[in-house]
Amino acid sequence: MKREALIGALDLGSTKTCAIIAEARGDGKTPKARVLGVGMARSSGVKYGAVRDIEETTATIERAMRDAERMAGVKVPNVFCGVAAENTHWQMETGLASVTSDEIRRQDTDRVDEVARAVSLGDGYELLHSIAQEYKVDSQGGISDPVGMTGLRLEVEMCLIGVHAQAAQNLGRSVKKAGYTVGELVLEPLAASLAVLTSDEKELGCALVDMGGDSTTVAIFHDGKLRHVESVRFAGARITSDLVQGLSVTQADAERIKERWGSAYTPAVNPDEMIELPGTAGQGPRGAKRELVAHIIQERVDEVFGLMLGEIEKAGYAGRLPAGVILTGGGSQLHGIVELGREVFAMPVRRGAPESGISGLVDSVQAPRYAVPVGLALYGARRRVRYDDYGGGSVGRILGPVKRWLQEFF
Ligand SMILES: Nc1ncnc2c1ncn2[C@@H]1O[C@H](COP(=O)(O)OP(=O)(O)OP(=O)(O)O)[C@@H](O)[C@H]1O
Ligand SMILES: [Mg+2]
């Protein structure tokens, strides 16, 4: 196996640190990742996507990477690392350039993109991604790639995503202390989209909703491009604390009850079904209706979905997402959540787990909570195979096509 085909992917979530070692496969058109090793460590060093405890985070990275490397039988020096939407800032910019030859060439789009990127992202932010939303040629808009067209004036509307520099540095420090380097930082919903969305869904228009431990994020795709991302601080952990309150049980028992008996859709639960609630210091074990558990969970998930729908409306995509909503992340493993989603969003809803583009230890990662780490591995694979495609020559020759790929990819 060629060393340069090896990829390390690292998802620093608020409940878990997940590492994946994979091998880049496929070609520039259909990059694939062969999963060689997976490691997971429970984490409490990250809150709302930001490192709050470098020692703790470093320790979880060491554990997760060690387990993944042991399973893969190989070591990797650097990792593609996810950045939570919470730590990013979005701004729309336009670029303008005159066309100097008969028809528009790639150099012209690269130049106009450069103009759009040459702005300040505000204090404390660094450029993470830039996504060309559309090009205009002599004021004719809605163009995704103007190369080969004729015109005098070229314009681009570009979405710049900035990452909070301090958050990025703390991520980098934790990774470095664990003995690795950050090869690249990648926006989590962008990574997750590679693992769970089909290209038809992105083209038609859909919303990817990632319900994690601390945060739920919605990412809207339309005409094949990422158009809008927003996150709220309500997710799986909040549901667990609702159960602690509502059932008077401990945190650990609430987590267990949620995963074992939990449902986000009361009509899907048998009203006569009883479950046993474990005793606490103050009271012994007792029976409770499963319906009560479902009721508590549905209240919260209904609220979260209402906020997601509000974001879709605010971004101007209400009624424009025929491919509907794809739910992912550990929180989406809740029983009945798809049924509730169909009621709240009044759109097609499905649960998304890593599927296409992966081989090897597929069974170990085929659950919604692996959407981000598998997506990071696929992102890395795309980077690698395109590098290979261009035969690994001079950096300039590589960067040009890679920049172009970034435009295509986003
Ligand atoms: N089977 C299940 N049923 C219900 N909830 C579940 C299940 N499995 C995991 N969860 C919940 O999913 C959440 C963790 O999801 P995930 O692993 O995607 O989070 P994370 O990436 O660590 O967090 P974040 O993205 O917020 O930083 C936890 O709250 C956990 O309780
Ligand atoms: Mg997550």
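Residues numbered from 1 in each chain as written. Chains lettered and ligands numbered in written order. Predicted model: local features only at pLDDT ≥ 70, side-chain atom pairs only at ≥ 80, totals over all residues. Heavy atoms only, no water.

A. Representation of the domain arrangement of the chain. The assigned domain composition of the chain is domain 1 (89-162) and domain 2 (199-353). Between the C-alpha centres of domain 1 and domain 2 the distance comes to 38 Å. Listed by partner, the interface residues are five residues for domain 1 and five residues for domain 2. Of the roughly 500 Å² buried between domain 1 and domain 2 on both sides combined, carbon and sulfur atoms contribute 51%. Considering only the side of domain 1, the residues that lose the most area to domain 2 are Trp90, Ile131 and Gln133, jointly responsible for 76% of the buried surface there. Viewed at the interface, domain 2 and domain 1 are joined by zero salt bridges. (Domains from an automatic or database assignment. Contact = heavy atoms within 4.5 Å. Buried area = accessible area lost by both parts, 1.4 Å probe. Salt bridge = Lys/Arg side-chain N within 4 Å of Asp/Glu carboxyl O.)

B. Just the nonpolar core, in detail. Counting residues in hydrophobic clusters, the biggest one holds 71 residues, and the most contacted among them are Ile20 and Met65. By residue number, the principal contributor to this core is helix α10 (residues 371-389), which donates nine residues. Residues lining this core come from more than one domain, with at least three contributed by each of domain 1 (89-162) and domain 2 (199-353). Beyond its immediate chain neighbours, meaning those up to four positions away, Ile20 contacts Ile7, Gly8, Ala9, Val35, Gly37, Val38, Val365, Pro373, Val374 and Ala377. Counting residues in hydrophobic clusters, the runner-up holds 40 residues, among them Ala207, Ile275, Leu327 and Ile337. (Core = buried A, V, L, I, M, F, W, Y, C linked by side-chain atoms within 4.5 Å. Buried < 20%, exposed > 50% of the residue type's maximum accessible area, 1.4 Å probe, protein only. Helix = DSSP H or I, 4+ residues; strand = E, 2+ residues; numbered from the N terminus.)

C. Focus on helix α3 (residues 165-177). Here α3 contains 13 residues, and its C-alpha end-to-end distance of 18 Å stays within 8% of the 18 Å for a straight helix at 1.5 Å per residue. Backbone geometry just downstream of α3 places Gly179 in the positive-phi region, at approximately 100°. (Expected span 1.5 Å × (residues − 1).)

D. Fine view of the pairing of strand β2 (residues 16-26). Buried residues dominate β2, accounting for nine of its eleven residues. Taken together, the seven bridges between strand β1 (residues 6-12) and β2 define a ladder with antiparallel strand orientation. Paired with Leu10 across the bridge in β2 is Ala19. Sheet topology note: the β2/strand β3 (residues 31-42) ladder contains eleven bridges and is antiparallel. By the bridge assignment for β3, Glu23 is matched with Arg34. (Pairing = 2+ DSSP bridges.)

E. Just the state of the cysteines, in detail. The tally for this structure, following the rule as stated, stands at zero disulfides. Unpaired in this structure, Cys81 has its nearest cysteine sulfur neighbour in Cys18, at a distance of 12 Å. Residue classification places Cys81 among the buried residues on the basis of a relative accessible area of 0%. No disulfide involves Cys159; its nearest neighbouring cysteine sulfur is the one of Cys206, lying 16 Å away. (Disulfide = S-S within 2.5 Å.)

F. Spatial organisation of the side chain of Lys16. The residue Lys16 is located in strand β2 in this model. Relative accessible area serves as the criterion here: at 13%, Lys16 is assigned to the buried category. A polar side-chain atom of Lys16 sits 3.2 Å from the main-chain carbonyl oxygen of Arg369. When near neighbours in sequence (up to four residues on either side) are disregarded, Lys16 contacts Asp11, Met40, Ala41, Arg42, Ser43 and Arg369. (Polar contact = N/O pair within 3.5 Å; in protein donor to acceptor, adjacent residues only side chain to side chain.)

G. Expanded view of the site of ligand 1. Inspection of the region around ligand 1 gives 19 residues, with Ser14, Thr15, Glu255, Lys258 and Gly330 positioned closest. The side chain of Lys16 places a nitrogen or oxygen atom 2.9 Å from an oxygen atom of ligand 1. Coverage of ligand 1 by the protein amounts to 89% of the 650 Å² it exposes when considered alone. Elements that contribute at least two residues to the shell around ligand 1 include exactly α6 (236-247) and α7 (251-261). (Near = heavy atom within 4 Å. Areas by Shrake-Rupley, 256 points an atom, 1.4 Å probe, with all protein chains shown as cover.)

H. Unusual backbone geometry, seen in detail. Positive phi outside glycine occurs at Asp138, with the angle close to 50°. Following the sequence through the fold, Asp138 ends up in the loop between β8 (125-137) and β9 (140-143). Note on Asp138: relative accessible area 37%, which makes it partly exposed. Phi is positive for Asp223, which is not a glycine, with a value near 50°. Here Asp223 is to be found in the loop between β13 (216-222) and β14 (225-232).

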